Amino acid sequence: MKLIKDKVAKLSFVALLVTMTAAIFYTPTASAHGEKSQAAFMRMRTIHWFDLDWSKDEVAINETMTISGKLHVFAGWPETVDKPEVAFLNIGIPGPVFIRAGSWIGDQLVPRSVSLELGETYTFKVLLKARRPGDWHVHTMLNVEGGGPIIGPGKWVTVTGSMGSFVNPLVTLTGETIDLETYALDNIYFWHAFWYAIGVAWMVFWAKRPIFIPRHLAVAAGKADTLISAGDKKVGVAFAVGTMVIVAVTMGTTNEKYPVTTPLQAGLMRGMVPVEMPEATVTVVVNDASYRVPGRAMQMDLTITNNGDSAVRLGEFMTASVRFLDADVLEDETGYPDDLLAEEGLTVSDNSPIAPGETRNVEVTASDAAWEVYRLADLIYDPDSRFAGLLFFYNEEGERQMVMVDAPLIPSFI
Ligand SMILES: [Cu+2]
(Lines give C-alpha, C1' and ligand atoms only; values in the text may rest on other atoms or scores of the structure.)
Protein backbone atom coordinates (compact mmCIF):
# COMPACT_ATOMS: atom_id res chain seq x y z
CA MET A 1 0.00 0.00 0.00
CA LYS A 2 2.74 2.41 1.02
CA LEU A 3 4.65 1.54 -2.15
CA ILE A 4 1.64 2.38 -4.35
CA LYS A 5 1.15 5.71 -2.58
CA ASP A 6 4.77 6.56 -3.16
CA LYS A 7 4.54 5.67 -6.84
CA VAL A 8 1.44 7.80 -7.24
CA ALA A 9 3.09 10.71 -5.46
CA LYS A 10 6.21 10.44 -7.61
CA LEU A 11 4.22 10.16 -10.81
CA SER A 12 2.12 13.19 -9.87
CA PHE A 13 5.29 15.12 -9.18
CA VAL A 14 6.81 14.19 -12.54
CA ALA A 15 3.55 15.03 -14.31
CA LEU A 16 3.47 18.43 -12.63
CA LEU A 17 7.05 19.08 -13.67
CA VAL A 18 6.39 18.06 -17.28
CA THR A 19 3.27 20.23 -17.44
CA MET A 20 5.08 23.26 -16.09
CA THR A 21 7.97 22.78 -18.49
CA ALA A 22 5.60 22.33 -21.42
CA ALA A 23 3.75 25.50 -20.44
CA ILE A 24 7.00 27.42 -20.55
CA PHE A 25 7.85 26.20 -24.04
CA TYR A 26 4.35 26.42 -25.52
CA THR A 27 4.15 29.68 -27.45
CA PRO A 28 1.40 29.62 -30.08
CA THR A 29 1.75 31.99 -33.03
CA ALA A 30 -0.32 35.12 -32.56
CA SER A 31 -2.28 35.96 -35.69
CA ALA A 32 -3.68 39.29 -34.53
CA HIS A 33 -2.74 41.94 -32.06
CA GLY A 34 -6.01 42.51 -30.34
CA GLU A 35 -6.09 45.96 -31.92
CA LYS A 36 -9.85 45.58 -32.24
CA SER A 37 -10.30 44.69 -28.62
CA GLN A 38 -8.64 47.81 -27.30
CA ALA A 39 -11.42 49.97 -25.89
CA ALA A 40 -12.86 52.26 -28.56
CA PHE A 41 -12.54 55.35 -26.38
CA MET A 42 -8.80 54.61 -26.01
CA ARG A 43 -8.35 54.57 -29.75
CA MET A 44 -10.52 57.65 -30.31
CA ARG A 45 -9.45 59.93 -27.48
CA THR A 46 -5.75 59.38 -26.87
CA ILE A 47 -3.41 59.39 -29.86
CA HIS A 48 -4.53 60.22 -33.39
CA TRP A 49 -2.10 58.87 -35.98
CA PHE A 50 -2.18 60.46 -39.43
CA ASP A 51 -0.12 61.19 -42.55
CA LEU A 52 1.30 57.69 -42.14
CA ASP A 53 3.71 56.12 -44.53
CA TRP A 54 4.99 52.55 -44.46
CA SER A 55 7.96 52.90 -46.82
CA LYS A 56 7.74 49.30 -48.14
CA ASP A 57 5.19 46.51 -48.52
CA GLU A 58 7.89 43.92 -48.99
CA VAL A 59 11.33 43.90 -47.48
CA ALA A 60 14.20 41.39 -47.52
CA ILE A 61 15.97 40.16 -44.40
CA ASN A 62 18.65 42.64 -43.25
CA GLU A 63 17.02 45.45 -45.24
CA THR A 64 15.33 48.37 -43.62
CA MET A 65 12.05 50.17 -43.92
CA THR A 66 10.57 53.15 -42.13
CA ILE A 67 7.21 54.03 -40.71
CA SER A 68 6.71 57.73 -40.44
CA GLY A 69 3.89 60.17 -39.91
CA LYS A 70 2.36 62.40 -37.31
CA LEU A 71 0.77 61.74 -33.99
CA HIS A 72 -1.63 64.13 -32.37
CA VAL A 73 -1.96 63.93 -28.61
CA PHE A 74 -5.61 64.54 -28.01
CA ALA A 75 -6.40 67.40 -25.64
CA GLY A 76 -9.52 65.66 -24.34
CA TRP A 77 -7.45 62.73 -23.05
CA PRO A 78 -9.70 60.47 -20.93
CA GLU A 79 -9.48 60.88 -17.15
CA THR A 80 -9.22 57.12 -16.68
CA VAL A 81 -5.95 56.86 -18.60
CA ASP A 82 -2.67 58.32 -17.34
CA LYS A 83 -1.39 61.24 -19.40
CA PRO A 84 1.57 60.56 -21.73
CA GLU A 85 4.06 62.11 -19.34
CA VAL A 86 6.17 58.97 -19.63
CA ALA A 87 5.63 57.51 -23.07
CA PHE A 88 7.68 55.36 -25.39
CA LEU A 89 7.44 55.39 -29.17
CA ASN A 90 7.22 51.76 -30.17
CA ILE A 91 6.00 49.54 -32.96
CA GLY A 92 3.29 46.87 -32.69
CA ILE A 93 4.55 43.65 -34.26
CA PRO A 94 4.21 39.97 -33.33
CA GLY A 95 7.52 39.54 -31.52
CA PRO A 96 10.97 40.50 -32.79
CA VAL A 97 10.21 40.02 -36.49
CA PHE A 98 11.93 43.34 -37.07
CA ILE A 99 14.51 45.05 -34.93
CA ARG A 100 14.04 48.72 -34.22
CA ALA A 101 17.20 50.36 -35.51
CA GLY A 102 16.15 53.84 -34.47
CA SER A 103 13.18 56.03 -33.67
CA TRP A 104 12.72 59.78 -33.81
CA ILE A 105 10.19 62.32 -32.63
CA GLY A 106 10.70 65.48 -34.64
CA ASP A 107 14.46 65.43 -35.28
CA GLN A 108 15.25 64.01 -31.89
CA LEU A 109 16.46 60.42 -31.54
CA VAL A 110 14.24 58.83 -28.89
CA PRO A 111 15.70 55.56 -27.61
CA ARG A 112 14.15 56.37 -24.21
CA SER A 113 10.83 57.43 -22.80
CA VAL A 114 9.61 60.89 -23.64
CA SER A 115 7.15 63.35 -22.21
CA LEU A 116 4.45 64.52 -24.62
CA GLU A 117 2.09 67.47 -24.23
CA LEU A 118 -1.65 67.21 -24.64
CA GLY A 119 -3.00 69.05 -27.66
CA GLU A 120 0.28 68.97 -29.57
CA THR A 121 1.14 67.22 -32.81
CA TYR A 122 4.50 65.53 -33.33
CA THR A 123 6.17 64.01 -36.36
CA PHE A 124 7.74 60.63 -35.83
CA LYS A 125 9.78 58.05 -37.67
CA VAL A 126 10.74 54.49 -36.80
CA LEU A 127 13.49 52.67 -38.67
CA LEU A 128 13.04 48.89 -38.81
CA LYS A 129 15.35 46.15 -40.00
CA ALA A 130 13.75 42.90 -41.16
CA ARG A 131 14.67 39.85 -39.09
CA ARG A 132 12.15 37.01 -39.57
CA PRO A 133 10.46 36.02 -42.85
CA GLY A 134 6.65 36.05 -43.05
CA ASP A 135 3.65 38.35 -43.38
CA TRP A 136 3.46 40.70 -40.45
CA HIS A 137 0.94 43.29 -39.39
CA VAL A 138 3.03 46.31 -38.54
CA HIS A 139 1.38 48.89 -36.29
CA THR A 140 2.42 52.21 -34.91
CA MET A 141 2.30 52.19 -31.13
CA LEU A 142 2.87 54.43 -28.14
CA ASN A 143 3.40 52.86 -24.73
CA VAL A 144 2.10 55.14 -22.01
CA GLU A 145 2.97 54.54 -18.37
CA GLY A 146 -0.32 53.93 -16.58
CA GLY A 147 -2.17 53.78 -19.88
CA GLY A 148 -0.73 50.74 -21.59
CA PRO A 149 0.13 50.30 -25.24
CA ILE A 150 -1.92 52.62 -27.44
CA ILE A 151 -2.00 51.04 -30.84
CA GLY A 152 -2.26 52.80 -34.18
CA PRO A 153 -3.18 51.45 -37.60
CA GLY A 154 -1.50 48.30 -38.90
CA LYS A 155 -0.42 47.43 -42.42
CA TRP A 156 0.72 44.07 -43.75
CA VAL A 157 4.40 43.88 -44.62
CA THR A 158 6.05 40.80 -46.14
CA VAL A 159 9.56 39.90 -45.07
CA THR A 160 11.41 37.65 -47.51
CA GLY A 161 14.60 35.62 -47.22
CA SER A 162 15.91 33.37 -44.50
CA MET A 163 16.32 34.23 -40.86
CA GLY A 164 19.68 32.43 -40.75
CA SER A 165 21.23 35.22 -42.78
CA PHE A 166 20.11 37.96 -40.37
CA VAL A 167 22.98 39.90 -38.83
CA ASN A 168 22.99 42.77 -36.38
CA PRO A 169 26.55 44.14 -36.38
CA LEU A 170 27.42 46.74 -33.81
CA VAL A 171 30.60 48.57 -32.84
CA THR A 172 30.99 48.70 -29.08
CA LEU A 173 32.35 51.74 -27.26
CA THR A 174 35.68 49.96 -26.96
CA GLY A 175 35.93 49.64 -30.75
CA GLU A 176 35.10 45.96 -31.07
CA THR A 177 32.63 44.85 -33.75
CA ILE A 178 30.12 42.27 -32.55
CA ASP A 179 27.01 40.65 -34.03
CA LEU A 180 24.35 41.31 -31.44
CA GLU A 181 22.23 38.48 -32.86
CA THR A 182 24.72 35.81 -31.76
CA TYR A 183 26.91 37.69 -29.29
CA ALA A 184 27.88 35.53 -26.30
CA LEU A 185 25.08 33.14 -27.15
CA ASP A 186 27.14 30.07 -26.19
CA ASN A 187 27.68 31.58 -22.79
CA ILE A 188 23.94 32.15 -22.37
CA TYR A 189 23.14 28.57 -23.36
CA PHE A 190 25.87 27.27 -21.05
CA TRP A 191 24.66 29.16 -17.96
CA HIS A 192 21.03 28.30 -18.54
CA ALA A 193 21.91 24.58 -18.87
CA PHE A 194 24.32 24.73 -15.93
CA TRP A 195 21.88 26.23 -13.40
CA TYR A 196 19.07 24.12 -14.79
CA ALA A 197 21.16 20.98 -14.13
CA ILE A 198 21.96 22.11 -10.59
CA GLY A 199 18.30 22.83 -9.96
CA VAL A 200 17.27 19.42 -11.27
CA ALA A 201 20.00 17.70 -9.20
CA TRP A 202 18.66 19.46 -6.08
CA MET A 203 15.11 18.35 -6.81
CA VAL A 204 16.12 14.78 -7.66
CA PHE A 205 18.13 14.51 -4.45
CA TRP A 206 15.04 15.30 -2.35
CA ALA A 207 12.50 13.58 -4.59
CA LYS A 208 14.28 10.22 -4.82
CA ARG A 209 12.99 9.15 -1.39
CA PRO A 210 9.34 8.82 -0.32
CA ILE A 211 7.70 12.21 -0.65
CA PHE A 212 4.45 13.91 0.21
CA ILE A 213 2.31 11.34 2.01
CA PRO A 214 4.93 9.37 4.00
CA ARG A 215 6.54 12.65 4.93
CA HIS A 216 3.24 14.15 5.87
CA LEU A 217 2.54 11.15 8.08
CA ALA A 218 5.94 11.46 9.74
CA VAL A 219 5.41 15.17 10.42
CA ALA A 220 1.91 14.49 11.74
CA ALA A 221 3.33 11.85 14.08
CA GLY A 222 5.82 14.37 15.47
CA LYS A 223 8.80 12.65 13.85
CA ALA A 224 9.74 15.40 11.42
CA ASP A 225 13.33 15.48 12.70
CA THR A 226 13.92 11.89 11.63
CA LEU A 227 13.23 12.76 7.99
CA ILE A 228 16.45 14.68 7.52
CA SER A 229 19.61 12.69 8.08
CA ALA A 230 23.11 13.97 8.77
CA GLY A 231 24.00 13.09 5.17
CA ASP A 232 21.11 15.27 3.89
CA LYS A 233 22.42 18.20 5.89
CA LYS A 234 25.91 17.78 4.42
CA VAL A 235 24.50 17.71 0.90
CA GLY A 236 22.42 20.83 1.63
CA VAL A 237 25.47 22.70 2.90
CA ALA A 238 27.49 21.53 -0.11
CA PHE A 239 24.84 22.89 -2.49
CA ALA A 240 24.66 26.24 -0.65
CA VAL A 241 28.42 26.75 -0.39
CA GLY A 242 28.96 25.43 -3.94
CA THR A 243 26.42 27.88 -5.37
CA MET A 244 28.03 30.84 -3.61
CA VAL A 245 31.53 29.81 -4.68
CA ILE A 246 30.49 29.33 -8.30
CA VAL A 247 28.78 32.76 -8.36
CA ALA A 248 31.75 34.52 -6.74
CA VAL A 249 34.41 32.88 -8.93
CA THR A 250 32.57 33.26 -12.25
CA MET A 251 31.61 36.83 -11.44
CA GLY A 252 35.30 37.53 -10.89
CA THR A 253 36.36 35.99 -14.20
CA THR A 254 33.53 37.76 -16.04
CA ASN A 255 34.55 41.14 -14.63
CA GLU A 256 38.09 40.41 -15.74
CA LYS A 257 37.01 39.46 -19.25
CA TYR A 258 34.66 42.48 -19.66
CA PRO A 259 36.27 45.27 -17.62
CA VAL A 260 34.16 48.02 -19.22
CA THR A 261 30.39 47.73 -18.98
CA THR A 262 27.71 50.39 -18.89
CA PRO A 263 24.20 49.80 -17.61
CA LEU A 264 21.21 49.80 -19.94
CA GLN A 265 20.25 53.41 -20.41
CA ALA A 266 16.87 54.52 -19.15
CA GLY A 267 15.39 57.85 -18.19
CA LEU A 268 12.99 60.43 -19.45
CA MET A 269 13.49 62.94 -22.25
CA ARG A 270 11.55 66.18 -21.99
CA GLY A 271 11.09 69.07 -24.36
CA MET A 272 10.03 67.17 -27.46
CA VAL A 273 9.50 69.73 -30.21
CA PRO A 274 6.01 69.58 -31.68
CA VAL A 275 5.37 70.25 -35.35
CA GLU A 276 3.79 73.58 -36.26
CA MET A 277 0.46 72.77 -37.86
CA PRO A 278 -1.12 75.49 -40.02
CA GLU A 279 -3.31 77.69 -37.86
CA ALA A 280 -6.92 76.50 -38.17
CA THR A 281 -9.15 79.27 -39.44
CA VAL A 282 -12.18 77.01 -39.49
CA THR A 283 -14.15 76.50 -36.30
CA VAL A 284 -16.54 73.61 -35.81
CA VAL A 285 -19.28 73.26 -33.23
CA VAL A 286 -20.82 69.82 -32.74
CA ASN A 287 -24.51 70.48 -32.06
CA ASP A 288 -25.44 66.85 -31.92
CA ALA A 289 -23.91 63.49 -32.70
CA SER A 290 -25.55 60.10 -32.86
CA TYR A 291 -24.64 56.60 -33.92
CA ARG A 292 -27.23 54.58 -35.78
CA VAL A 293 -26.61 50.96 -34.87
CA PRO A 294 -28.51 49.30 -37.77
CA GLY A 295 -26.93 51.57 -40.40
CA ARG A 296 -23.39 51.43 -38.97
CA ALA A 297 -23.25 55.17 -39.42
CA MET A 298 -22.37 58.10 -37.28
CA GLN A 299 -24.20 61.34 -37.84
CA MET A 300 -22.97 64.74 -36.75
CA ASP A 301 -24.83 68.00 -36.86
CA LEU A 302 -22.08 70.58 -37.28
CA THR A 303 -21.93 74.33 -37.45
CA ILE A 304 -18.88 75.22 -39.48
CA THR A 305 -17.53 78.77 -39.64
CA ASN A 306 -14.84 79.74 -42.09
CA ASN A 307 -12.81 82.62 -40.65
CA GLY A 308 -10.07 82.29 -43.24
CA ASP A 309 -9.60 84.02 -46.57
CA SER A 310 -10.17 81.08 -48.89
CA ALA A 311 -13.15 78.78 -49.37
CA VAL A 312 -12.88 75.32 -47.77
CA ARG A 313 -14.54 71.91 -48.06
CA LEU A 314 -14.59 69.04 -45.60
CA GLY A 315 -12.52 66.18 -47.00
CA GLU A 316 -11.98 63.73 -44.20
CA PHE A 317 -13.11 62.62 -40.78
CA MET A 318 -10.65 60.41 -38.98
CA THR A 319 -11.17 58.59 -35.72
CA ALA A 320 -9.42 55.60 -34.17
CA SER A 321 -7.29 55.29 -37.33
CA VAL A 322 -10.38 54.82 -39.52
CA ARG A 323 -10.48 57.40 -42.31
CA PHE A 324 -13.82 58.45 -43.80
CA LEU A 325 -13.27 60.42 -47.01
CA ASP A 326 -15.48 62.45 -49.28
CA ALA A 327 -14.30 61.16 -52.66
CA ASP A 328 -15.19 64.47 -54.33
CA VAL A 329 -12.70 66.34 -52.19
CA LEU A 330 -10.01 63.85 -51.31
CA GLU A 331 -8.57 60.64 -52.64
CA ASP A 332 -6.05 58.64 -50.70
CA GLU A 333 -2.79 58.16 -52.59
CA THR A 334 -0.69 56.98 -49.69
CA GLY A 335 -1.66 53.29 -49.81
CA TYR A 336 -3.43 53.49 -46.46
CA PRO A 337 -4.61 50.04 -45.23
CA ASP A 338 -7.85 49.14 -47.03
CA ASP A 339 -9.72 47.91 -43.99
CA LEU A 340 -9.26 51.28 -42.29
CA LEU A 341 -10.12 53.39 -45.31
CA ALA A 342 -13.71 54.31 -46.17
CA GLU A 343 -13.03 55.99 -49.51
CA GLU A 344 -16.60 57.16 -49.88
CA GLY A 345 -17.57 56.88 -46.26
CA LEU A 346 -18.15 60.58 -45.64
CA THR A 347 -21.34 62.28 -46.75
CA VAL A 348 -21.91 65.96 -46.15
CA SER A 349 -25.41 67.38 -46.66
CA ASP A 350 -23.93 70.39 -48.48
CA ASN A 351 -20.24 70.13 -49.28
CA SER A 352 -19.99 73.03 -51.69
CA PRO A 353 -17.07 75.32 -50.74
CA ILE A 354 -17.75 77.33 -47.59
CA ALA A 355 -16.86 80.91 -48.46
CA PRO A 356 -14.67 83.08 -46.24
CA GLY A 357 -16.81 84.53 -43.47
CA GLU A 358 -19.60 82.02 -44.04
CA THR A 359 -21.20 79.95 -41.30
CA ARG A 360 -23.05 76.84 -42.37
CA ASN A 361 -25.01 74.15 -40.66
CA VAL A 362 -24.40 70.69 -42.14
CA GLU A 363 -25.26 67.07 -41.49
CA VAL A 364 -22.17 64.89 -41.75
CA THR A 365 -22.48 61.11 -41.95
CA ALA A 366 -19.55 58.77 -41.51
CA SER A 367 -20.60 55.27 -42.45
CA ASP A 368 -18.60 52.14 -42.94
CA ALA A 369 -18.49 48.53 -41.79
CA ALA A 370 -15.36 49.52 -39.88
CA TRP A 371 -17.60 50.85 -37.10
CA GLU A 372 -18.50 47.24 -36.36
CA VAL A 373 -15.44 45.42 -37.70
CA TYR A 374 -13.14 47.58 -35.60
CA ARG A 375 -15.61 47.52 -32.72
CA LEU A 376 -15.77 51.28 -32.46
CA ALA A 377 -19.51 51.09 -31.97
CA ASP A 378 -18.83 49.53 -28.56
CA LEU A 379 -18.36 53.12 -27.47
CA ILE A 380 -22.09 53.47 -26.98
CA TYR A 381 -21.93 51.02 -24.09
CA ASP A 382 -19.36 53.11 -22.20
CA PRO A 383 -20.41 55.06 -19.12
CA ASP A 384 -18.95 58.15 -20.80
CA SER A 385 -20.03 57.74 -24.44
CA ARG A 386 -17.89 60.34 -26.10
CA PHE A 387 -16.27 60.23 -29.47
CA ALA A 388 -13.42 62.28 -30.76
CA GLY A 389 -11.67 62.64 -34.06
CA LEU A 390 -10.00 64.91 -36.55
CA LEU A 391 -11.71 66.81 -39.35
CA PHE A 392 -9.59 67.81 -42.32
CA PHE A 393 -10.66 70.77 -44.43
CA TYR A 394 -9.15 71.60 -47.81
CA ASN A 395 -9.13 74.84 -49.79
CA GLU A 396 -8.89 75.10 -53.55
CA GLU A 397 -5.09 75.01 -53.48
CA GLY A 398 -5.29 71.72 -51.60
CA GLU A 399 -4.03 73.29 -48.39
CA ARG A 400 -5.20 71.42 -45.39
CA GLN A 401 -6.26 72.35 -41.92
CA MET A 402 -7.05 70.11 -39.03
CA VAL A 403 -9.85 70.63 -36.53
CA MET A 404 -10.51 68.43 -33.51
CA VAL A 405 -13.99 67.37 -32.53
CA ASP A 406 -14.92 65.91 -29.17
CA ALA A 407 -18.55 65.44 -28.16
CA PRO A 408 -21.01 63.01 -26.57
CA LEU A 409 -22.36 60.32 -28.87
CA ILE A 410 -25.96 59.18 -28.53
CA PRO A 411 -26.85 55.78 -29.90
CA SER A 412 -29.97 55.10 -31.93
CA PHE A 413 -31.21 51.52 -32.26
CA ILE A 414 -33.86 52.14 -34.91
CU1 LIG B 1 -2.42 43.93 -36.27
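Residues numbered from 1 in each chain as written. Predicted model: local features only at pLDDT ≥ 70, side-chain atom pairs only at ≥ 80, totals over all residues.

Peer 1: Explain the overall build of the protein chain residue by residue, including any values.
Peer 2: Tallying secondary structure elements over the protein chain gives 6 helices and 23 strands in all. Compactness check: the protein chain gives a C-alpha radius of gyration of 30 Å against a globular reference of 22 Å for 414 residues, more than 25% above the reference. Summarising its shape, the C-alpha atoms of the protein chain cover approximately 95 × 60 × 40 Å along the three principal directions. The 414 residues of the protein chain split such that 23% are buried. The contacts of the protein chain with a sequence gap of at least 6 include a subset with a gap of at least 24, amounting to 69%. (Helix = DSSP H or I, 4+ residues; strand = E, 2+ residues; numbered from the N terminus. Rg over C-alpha atoms; globule rule 2.2 N^0.38 Å. Buried ≥ 20, exposed ≤ 12 C-beta atoms within 10 Å, placed from the backbone. Contact = placed C-beta atoms within 7 Å.)

Peer 1: Lay out unusual backbone geometry with the relevant residues and their values.
Peer 2: At Arg296, a position not held by glycine, the phi torsion is positive, near 50°. Take Arg296: it is sitting in the loop between β14 (282–292) and β15 (297–306).

Peer 1: Could you give an account of the domain arrangement of the protein chain, with specific residues and numbers?
Peer 2: Structurally, the protein chain comprises domain 1 (40–173), domain 2 (183–257) and domain 3 (282–412). Here domain 1 and domain 3 have C-alpha centroids that lie 26 Å from each other. The interface is formed by 17 residues belonging to domain 1 together with 19 residues belonging to domain 3. Per-element tally for the side of domain 1 that touches domain 3: the top contributor is helix α2 (residues 40–45), with 5 residues. (Domains from an automatic or database assignment.)

Peer 1: Got a sec to walk through helix α3 (residues 185–207)? Specific residues and values, please.
Peer 2: Compared with an ideal rise of 1.5 Å per residue, which puts 23 residues at 33 Å, α3 spans 32 Å between its outermost C-alpha atoms and is within 8% of the ideal. Counting buried positions over the 23 residues of α3 gives 0, only a small fraction of the element. (Expected span 1.5 Å × (residues − 1).)

Peer 1: Describe in detail the pairing of strand β22 (residues 400–408), supporting the description with residues and values.
Peer 2: Sheet topology places strand β21 (residues 386–395) next to β22; 9 bridges connect them, and they run antiparallel. Looking at β22, one finds that Leu390 is bridged to Met404. The hairpin formed by β21 and β22 contains 4 residues between the paired strands, and Gly398 there has a positive phi angle of roughly 80°. (Pairing = 2+ DSSP bridges.)

Peer 1: Provide a residue-level description of the environment of Ser103, including the pertinent values.
Peer 2: One can find Ser103 in strand β5 (residues 98–105). Taking the C-alpha atoms as reference points, Ser103 and Val126, separated by 23 residues in sequence, lie 4.3 Å from one another. Excluding its chain neighbours within four sequence positions, the residues that come into contact with Ser103 are Leu89, Val110, Lys125 and Val126.

Peer 1: Before we move on, can you summarise the sheet that holds strand β23 (residues 410–412) with the specific residues and values?
Peer 2: Taken together, the 5 strands give an open sheet; going across it, the order is β19-β20-β15-β14-β23, and neighbouring strands pair in mixed fashion. The open sheet terminates on both sides in strands that have one partner only, identified here as β19 (346–348) and β23. Mean inter-strand twist for the sheet, computed between neighbouring axes without regard to direction, equals 25°. As judged from the 3 bridges shared by β14 and β23, these two strands associate in the parallel manner. Paired with Tyr291 across the strands is Pro411, a residue of β23. (Axes fitted to C-alpha atoms, helices over the stretch in contact; angles between N-to-C directions.)

Peer 1: Please give an account of the sheet that holds β5 that cites residues and values.
Peer 2: The 5 strands lie next to each other as β1-β3-β8-β5-β6, forming an open sheet whose pairing is antiparallel. Every interior strand has two partners, whereas the edge strands, β1 (47–54) and β6 (108–109), have only one. Here 7 bridges tie β5 to strand β8 (residues 121–130), and the two strands are oriented antiparallel to one another. Among the inter-strand pairings, Arg100 is bridged to a residue of β8, identified as Leu128.

Peer 1: Now, about the pairing of β15: what can you tell me, with residues and values included?
Peer 2: Burial along β15 is one-sided: the residues Met298, Met300, Leu302, Ile304 and Asn306 are buried and none of Ala297, Gln299, Asp301, Thr303 and Thr305 is. Both β14 and β15 contribute to a ladder of 10 bridges, which runs antiparallel. In the strand pairing of β15, Ser290 is matched with Gln299. Count of turn residues in the β14/β15 antiparallel hairpin: 4 residues, of which Arg296 carries a positive phi of about 50°. Pairing geometry for β15 and strand β20 (residues 359–367), over 9 bridges, is antiparallel.

Peer 1: Give a description of the environment of Gly134 that names residues and reports values.
Peer 2: Position of Gly134 relative to the elements: it lies in strand β9 (residues 134–144). Using a count of 13 C-beta atoms within 10 Å as the deciding quantity, one classes Gly134 as partly exposed. A sequence separation of 24 residues divides Gly134 from Thr158, and the C-alpha atoms of the two residues are 5.7 Å apart. Those residues in contact with Gly134 that lie beyond four places of it in its chain are Val97 and Val159.

Peer 1: Which residues make up the environment of Thr174, and what values do they have?
Peer 2: Considering the arrangement of structural elements, one finds Thr174 in the loop between β11 (169–171) and β12 (177–179). Residue classification places Thr174 among the exposed residues on the basis of 8 C-beta atoms within 10 Å. When the C-alpha atoms of Thr174 and Ser349 are compared, they prove to be 67 Å apart, with 175 residues separating the residues in sequence.

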